[in-house]
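Read off the chains here:
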Amino acid sequence: MEFIKNYNNNAALVKDLAGKDWVVIGKGIGFGLKKGMTVDESKIERRFLAQEEIDQVEPEVVKGIDPQSFEATDQVCGMLESKYGISFTGYQYFALADHIDFMIKRTLDGAELNPMSGRWETKTLFPKEYTAAKEALAIISATVHLKLDPSEAVSLTYHFINAESDGSKLQDTMRMTRYLGGIVNIVQYQYGITLDTDSFNYERFITHLRALIIRHLTGKESHSELDPALLQLMVAKYPKEKDTVDRIAQYLKREADWTLSADDQTYLILHIWRVTHR
């Protein structure tokens, strides 16, 4: 592989024999190299096919990331890929490395986050990613020999959700969390109950909502089209659920200026009935 440029001594842009550009990570991978020189591939620990989005990474930001933070990031990503099937693009990897680096520096400076900030919503709405975040915190702590506040798992969870969400950015992931929380609150208020977050139907409900919200955030259209008569049938059979969907539609219109299609309403009626009756 041919060296093109450094991000820092542990991250570089290189070109392979086929002419494709790669971002490679490894200890000292770019140290002392000049453009056109051959990269020692035995030092490469992780590689990403370079994309346009990598240009969004500020070189000065990457240069400031401590080598230990890169090491911790690599271990965390390895765990996520093997255990949870969560993988990162080049941009997402650097964003996570920058976050971990800042988290470590902030902890050393004694500037901790609000320990209750967003924890309940995140743990309830994204149990898999939140569990992964707690494991990631343990890995980071062991790597840098530093005790990190458990509340840091919330912001790590957002990065992991972002990696799973097709085409969405971290700020969209945070918006999704807010909308999910709002919808769940509407359902619980309408029925005067607390939903069983450990149930299979709750998991299906949240999965459906996440897909719905991601589709709106990324501007993707749904290709399915149900028979319009089916919605009328659902309205007649499940009036309370339809009333709840109407309130959800009003909420999303007010908060995000989104309009629920007839298909969206039909599927929501069914999911709300399931999650409130089983």
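All values reported here derive from a predicted model rather than from experimental measurement. (Residues numbered from 1 in each chain as written. Predicted model: local features only at pLDDT ≥ 70, side-chain atom pairs only at ≥ 80, totals over all residues. Heavy atoms only, no water.)

Student: Describe the overall build of the protein chain, naming the residues involved and giving the relevant values.
Tutor: In terms of regular secondary structure, the protein chain is built from eleven helices and four strands. Looking at the protein chain as a whole, 49% of its 278 residues qualify as buried. Sequence-distant contacts in the protein chain: of pairs separated by 6 or more residues, those separated by 24 or more amount to 68%. For the protein chain, the accessible area works out to roughly 14,400 Å², and carbon and sulfur atoms hold 52% of it. (Helix = DSSP H or I, 4+ residues; strand = E, 2+ residues; numbered from the N terminus. Buried < 20%, exposed > 50% of the residue type's maximum accessible area, 1.4 Å probe, protein only. Contact = heavy atoms within 4.5 Å. Areas by Shrake-Rupley, 256 points an atom, 1.4 Å probe, with all protein chains shown as cover.)

Student: Any details on the environment of leucine 231? Residues and values, ideally.
Tutor: The residue leucine 231 is located in helix H9 (residues 228-237) in this model. Given a relative accessible area of 10%, leucine 231 falls into the buried group. Along the chain, leucine 231 and isoleucine 269 lie 38 residues apart, while their C-alpha atoms are 8.9 Å from each other. Every residue in contact with leucine 231, bar those within four places of it in the chain, is listed here: Ala262, Gln265, Thr266 and Ile269.

Student: So what's going on with the pairing of strand E1 (residues 2-8)? Which residues, and what values?
Tutor: Across five bridges, the pairing between E1 and strand E2 (residues 11-15) is antiparallel. When the sheet's bridge partners are listed, asparagine 6 is paired in E2 with alanine 12. Count of turn residues in the E1/E2 antiparallel hairpin: two residues. (Pairing = 2+ DSSP bridges.)

Student: Tell me about the packing of helix H3 (residues 90-108) against helix H5 (residues 127-144), and please be specific about residues and values.
Tutor: It is the contact of H3 with H5, at a shortest axis distance of 12 Å, that shows an interaxial angle of 65°. The two elements H3 and H5 cross, and the hand of that crossing is right-handed. Note on element contacts: H5 touches H3 through Leu137, Ile140 and Val144, opposite Ile100, Met103 and Ile104. (Axes fitted to C-alpha atoms, helices over the stretch in contact; angles between N-to-C directions. Left-handed = near helix turned anticlockwise from the far one by under 90°.)

Student: Just give me the short version of the sheet that holds strand E3 (residues 21-25), but keep the residues and values in it.
Tutor: In a beta sheet, neighbouring strands pair by backbone hydrogen bonds and run either parallel or antiparallel. Pairing within the open sheet is antiparallel, and its four strands lie in the order E1-E2-E3-E4. With one partner strand each, in any of the chains shown, E1 and strand E4 (46-49) form the two edges of the open sheet. Neighbouring strand axes in the sheet, compared pairwise and without regard to direction, differ in orientation by 25° on average. Strand contacts of helix H2 (residues 67-84): E1, E2, E3 and E4, with the helix running at about 75° to E4, the strand carrying the most contacts.

Student: Just give me the short version of the packing of helix H10 (residues 239-256) against helix H11 (residues 262-277), but keep the residues and values in it.
Tutor: Their axes nearest at 9 Å, the elements H10 and H11 cross at an angle of 115°. Once H10 is placed against H11, the crossing between them reads as right-handed. Within the contact between the two elements, H10 uses Glu241, Lys242, Thr244, Val245, Asp246 and Ile248 and H11 uses Gln265, Leu268, Ile269, Ile272, Trp273, Thr276 and His277.

Student: So what's going on with the pairing of E4? Which residues, and what values?
Tutor: Here E4 shows one buried face, formed by Arg46 and Phe48, and one open face, formed by Arg47 and Leu49. Two elements, E3 and E4, share four bridges in a ladder whose sense is antiparallel. Across the sheet, residue isoleucine 25 finds its bridge partner in E4, namely arginine 46.

Student: How would you summarise unusual backbone geometry if you had to cite specific residues and measurements?
Tutor: Phi is positive for histidine 145, close to 55°, though the residue is something other than glycine. Among the secondary structure elements, histidine 145 is positioned in the loop between H5 and helix H6 (152-164). Relative accessible area serves as the criterion here: at 68%, histidine 145 is assigned to the exposed category. A positive phi angle, close to 60°, is found at aspartate 257, a residue other than glycine.

Student: Provide a residue-level description of the nonpolar core, including the pertinent values.
Tutor: Counting residues in hydrophobic clusters, the biggest one holds 74 residues, and the most contacted among them are Phe70, Leu80, Phe88, Phe94, Ile140, Leu156 and Phe160. Setting aside chain neighbours within four positions, we find phenylalanine 88 in contact with Phe48, Cys77, Leu80, Tyr93, Leu96, His159, Phe160 and Ala163. Of all hydrophobic cores here, the second largest spans ten residues; its members include Met1, Ala12, Trp22 and Val39. (Core = buried A, V, L, I, M, F, W, Y, C linked by side-chain atoms within 4.5 Å.)

Student: Describe the packing of aromatic side chains, naming the residues involved and giving the relevant values.
Tutor: Scanning all chains against the criterion turns up six aromatic pairs. Taking 6.3 Å as the distance between ring centres and 80° as the angle between the ring planes, the aromatic pair formed by phenylalanine 88 and phenylalanine 160 counts as edge-to-face. With a gap of 72 residues between them, phenylalanine 88 in the loop between H2 and H3 and phenylalanine 160 in helix H6 connect regions that are remote in the sequence. Seen in terms of ring centroids, tyrosine 179 and tryptophan 258 are 5.2 Å apart; in terms of plane orientation they differ by 75°. Their pairing is edge-to-face. On the criterion of sequence distance, the pair formed by tyrosine 179 in helix H7 (residues 170-191) and tryptophan 258 in the loop between H10 and H11 is long-range, its members being 79 residues apart. Neither residue differs from the other here; tyrosine 179 and tryptophan 258 are each classed as buried. Put simply, the rings of Phe70, Tyr93 and Phe94 touch in pairs and so form one group of aromatic residues. (Phe/Tyr/Trp six-rings, centres within 6.5 Å; stacked < 30°, edge-to-face > 60°.)

Everything listed here is a matter of geometry and, on its own, says nothing about what the molecule does.
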